[in-house]
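# Summary of structural features
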Amino acid sequence: MKELQFDIVIHLAGEQSVPNYMGMKLSEAKEHVLLTTTRTRKQHDVLSMMFAGKLSFIKNIVVDAMDYAAIKSEMNKISGMENKRIGVNVTGGTKPMFAAALDFCRENNHTPFYLDTQNRAIFSFTNEFCKLPMPKVFTSVGEFAKLGGYEIKGAVKRADDISQERRDLIKLFWENKDFVRRVIVDFSEATNKKYQSQKNNPPQSFDRAVSLITRPRRGNKREERLSEAWEAVFPADYADWRAAAKFGAGEWFEEWLLLQFANSRKSDDFCDLCSDVTLSFSNDVDNKNVQQIDLAYTDGYELTLIECKAGKVDQEHIQKFENIRRQIGGVMGKGLLCAINYQYPSDVVVERVKNGSLSLVTGEKPLRMLPNRYDKITPRQCYQDERDFE
C-alpha cells in the first residue's frame, strides 16, 4: 500500500503473530523491526520463517513489556539522527508499548497505524490519513496454520475434488436425514480406533448400517434411490470399508456444507475454502499431536474453523473445539459449531456456547442460510432459526 511506505516499520509484538504478519504484508519498508518481550520473542522466529526470502530484514529487539521509558528509548535509537520515514504498527503489544509508540510518533512526526480486521480498516492517529479500507491479506488457510506453529499434513479436500456420484449421495443423505440418523451411530462405532487395525473384516456395526441402506423397503422410492447412490460410490467390492464408515458417520455432512459454501452467491469472498484439514505441530515428526479440522475458510482477513456434528453435541465437543480455534485462529479467528441436531441442542449446550467463544448453527434453514450470511455470524450466539440472522 502506498500509504504505508516507510524506511522503517516498527511492530509491537503480542501473544499472537497475526497482527504483525498482517502489518508486514500491508506495509513496505527497507527494514522491519519487531519489539518483543521475553514472553513474545518467539514471534520473531515465526515471522522470519513466514517471510524467508521475501523481506530483506526483520530485526528483533527485546524490551521490558511494562517499562514505558525503556521502550520509548529503544524506538528513539531506531530512529537515530537521520531523517527517516517511520511507521509503527500498534496493533499488538502491551499497553505501555502502545503508549510509548504513540508518544514516540507524536514527538518525531512518525506514523502510528492500527489494523482493524473486524471493520476491514486501517486507522492512523496522525493527520496524514484517518481511515483506509484494508485490502485482503491472507490467501490460504495454511498461512494461519504456520503462524500458529502448525503444518497441514497431506492434501486437503476442496469442492472440485468431490465426484458427481458422491455429490448425488451427499444430496440424498441430506434429504433423508431422518432415515440416515438410524445408521450414524453404527457408522460412528465402526470408526472407533479399536477397529482400525482390522485388515479385512469390518465390525458388525458397519455391516448393520450398510445393510439398512442397501436393503430398501419394497416400493419406497426414496430409500431405493439412496441405496443405488450408495452402491455407486461404495459398491459391495469396495476395498476400503473404513472410508465408507467415515463417510456415513458424518463426513457426508462436512462435504455437504463444503459444497453449500462453494456454490453460494458469496463464494467469491473466500480466498481459500477446504475440508478434511489435518494439522500437526511443525516439529512433531511422529504426528503425536494431530488436530483434525472439518471445514476451514478465510475471506482474506480472518480464519474461520467449522466443526460439523451429524450426531450428538455435548460440552466436551465445545471445549475441545474452543481450544483448537484459539491455538490456530488466535484472537482474529472464528469458530462455528454446525450441528444437524435432529432435536434442538440442550439448554446446557446453548448456555455453554453463549459463555464461550464459539457460535452454534443448527437446524435445516439456518444451515442452508449460513454460506450467504457467514459475515453476520458473531461469537457466543446460537442460530437456530432464520430470524436469528436478522
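To be clear, the structure that these remarks concern was listed above.
Quantities reported herein were computed from a predicted structural model and do not represent experimental measurements. Counting starts from 1 at the beginning of each chain's written sequence and moves along it residue by residue. Per-residue local features of the predicted model are confined to residues with pLDDT of at least 70, and side-chain atom pairs are confined, for both listing and counting, to 80 or more; whole-chain, interface and lining totals are unaffected and use all residues. Side-chain calculation: all heavy atoms of the structure are included, whereas hydrogens and water are not.

### Observations concerning helix H2 (residues 42-50)
- Within the sequence span of H2, burial applies to Gln-43, His-44, Val-46, Leu-47 and Met-50. Angular distribution of buried residues about the axis of H2 spans 165°; they occupy a single face of the element. Pointing more than 90 degrees away from the buried face of H2 are the exposed residues Lys-42 and Asp-45. Each residue gets one of three labels from its accessible area relative to the maximum for its type: buried under 20%, exposed over 50%, partly exposed in between, using a 1.4 Å probe on protein chains only. Put simply, DSSP H or I for four residues or longer makes a helix, DSSP E for two residues or longer makes a strand, and each gets a number counted from the N terminus. Think of it as the arc spanned by the lines of direction from the helix axis to the C-beta atoms.

### Quick notes on the nonpolar core
- Core analysis: the biggest nonpolar cluster contains 53 residues, and Phe-187, Trp-230, Trp-252, Phe-253 and Phe-261 have the highest contact counts within it.
- Per element, the largest residue contribution to this core is twelve residues, and it comes from helix H10 (residues 241-262).
- Throughout, a residue-residue contact means that at least one pair of heavy atoms, one from each residue, lies within 4.5 Å. With residues near it in sequence (within four places) discarded, Phe-187 still touches Phe-206, Ala-209, Val-210, Ile-213, Trp-230, Ala-244, Ala-245, Gly-248 and Ala-249.
- Take the buried residues of types Ala, Val, Leu, Ile, Met, Phe, Trp, Tyr and Cys, join any two whose side-chain atoms come within 4.5 Å, and each joined set is a nonpolar core. Counting 50 residues, the second largest nonpolar core, distinct from the first, contains Val-141, Tyr-301, Met-332 and Ala-339.

### Quick notes on the packing of helix H7 (residues 177-190) against H10
- For the pair H7 and H10, the least separation of the axes is 8 Å and the interaxial angle reads 130°. On the basis of their axis angle, the class for H7 and H10 is oblique. In the crossing of H7 with H10, the sense of the turn from one axis to the other is left-handed. Facing H7, whose interface residues are Lys-177, Val-180, Ile-184, Phe-187, Ser-188 and Ala-190, H10 presents Trp-241, Ala-244, Ala-245, Gly-248, Ala-249 and Trp-252.
- Grouping the constituent residues of the contact of H7 with H10 by class yields nine nonpolar, two polar and one charged. All axes here are fitted lines through C-alpha atoms, helices being fitted over the stretch that makes contact, and every angle between N-to-C directions spans 0 to 180 degrees. Throughout this description, any angle smaller than 35 degrees is read as roughly parallel, any larger than 145 degrees as roughly antiparallel, any in the 65 to 115 degree range as roughly perpendicular, and the remainder as oblique. Crossing handedness follows the turn of the near helix against the far one: under a right angle anticlockwise gives a left-handed crossing, and clockwise gives a right-handed one. Classification convention: Asp, Glu, Lys, Arg as charged; Ala, Val, Leu, Ile, Met, Phe, Trp, Tyr, Cys, Pro as nonpolar; all other residues, Gly among them, as polar.

### What about the environment of Glu-351?
- Along the chain, Glu-351 turns up in helix H12 (residues 347-354).
- In this structure Glu-351 comes out as partly exposed when scored by relative accessible area, which is 45%.
- For the pair Glu-351 and Cys-382, spaced 31 residues apart in sequence, the C-alpha separation works out to 9.3 Å.

### As for the pattern of salt bridges
- Any carboxyl oxygen of Asp or Glu within 4 Å of a side-chain nitrogen of Lys or Arg constitutes a salt bridge here. This model, assessed by the stated rule, comprises 28 salt bridges.
- Lys-221 serves as the salt-bridge partner of Glu-224, at 3.9 Å between the closest nitrogen and oxygen. Here Lys-221 and Glu-224 lie together in helix H9 (residues 221-233), a separation of three residues that amounts to about one turn.
- Glu-224 gets classed as partly exposed once you look at its relative accessible area, which sits at 25%.
- Take Lys-221: its relative accessible area is 54%, and that puts it in the exposed class.
- Connected through shared salt-bridge partners, Lys-157, Arg-166, Lys-246, Glu-251, Glu-255 and Asp-276 make up one network.

### Remarks on the sheet that holds strand S5 (residues 111-116)
- Two strands pair if DSSP finds at least two bridges between them. Strand order in the open sheet formed by seven strands is S3-S2-S1-S4-S5-S6-S7, and the pairing between neighbours is mixed. Edge positions in the open sheet fall to strand S3 (58-62) and strand S7 (131-133), since each of these has one partner strand only. Averaged over all neighbouring strand pairs, the angle between strand axes comes to 25°, with direction disregarded.
- Where S5 meets strand S6 (residues 121-124), four bridges bridge the pair, whose relative direction is antiparallel. In the sheet register, Tyr-114 faces S6, and the bridge partner there is Phe-123.
- Where H2 meets the sheet, it contacts strand S2 (28-36) and S3, and its direction lies at approximately 175° from that of S3.

### Details of the packing of aromatic side chains
- Aromatic pairs are defined between Phe, Tyr and Trp rings, using the six-membered ring for Trp, whenever the two ring centres lie within 6.5 Å; interplanar angles under 30 degrees are classed as stacked, those over 60 as edge-to-face, and all others as tilted. All chains considered together, the criterion is met by 25 aromatic pairs.
- Grouped by ring-pair contacts, the aromatic residues Phe-173, Trp-174, Phe-187, Phe-206, Trp-230, Phe-234, Tyr-238, Trp-241, Phe-247, Trp-252, Phe-253 and Trp-256 constitute a single cluster.
- The aromatic ring of Trp-174 is capped on one face by Lys-177, whose charged end is 4.0 Å from the ring centroid. Working rule: Lys NZ or Arg CZ, within 6 Å of ring centre, within 35 degrees of ring normal, means a charge sits over the ring.

### Details of the packing of helix H8 (residues 204-214) against H9
- Remark: H8 packs on H9, axes separated minimally by 8 Å, with the N-to-C direction vectors making an angle of 125°. Compared by their axis directions, H8 and H9 come out oblique. Within the contact between the two elements, H8 uses Val-210, Ile-213 and Thr-214 and H9 uses Glu-223, Leu-226, Ser-227, Trp-230 and Glu-231.
- Among the residues forming the contact of H8 with H9, the class breakdown is four nonpolar, two polar and two charged.

### Let's talk about the sheet that holds strand S12 (residues 333-339)
- Pairing in this open sheet of seven strands is mixed, and the strands run S8-S9-S10-S11-S12-S13-S14 from one edge to the other. With one partner strand each, in any of the chains shown, strand S8 (150-152) and strand S14 (382-383) form the two edges of the open sheet.
- Across seven bridges, strand S9 (residues 272-281) lies against strand S10 (residues 291-298) in antiparallel orientation. Within S10, the position partnered with Thr-278 by the bridge is Gln-292.
- Running at roughly 160° to strand S11 (residues 303-309), helix H11 (residues 315-329) makes contact with S8, S9, S10, S11 and S12 of the sheet.

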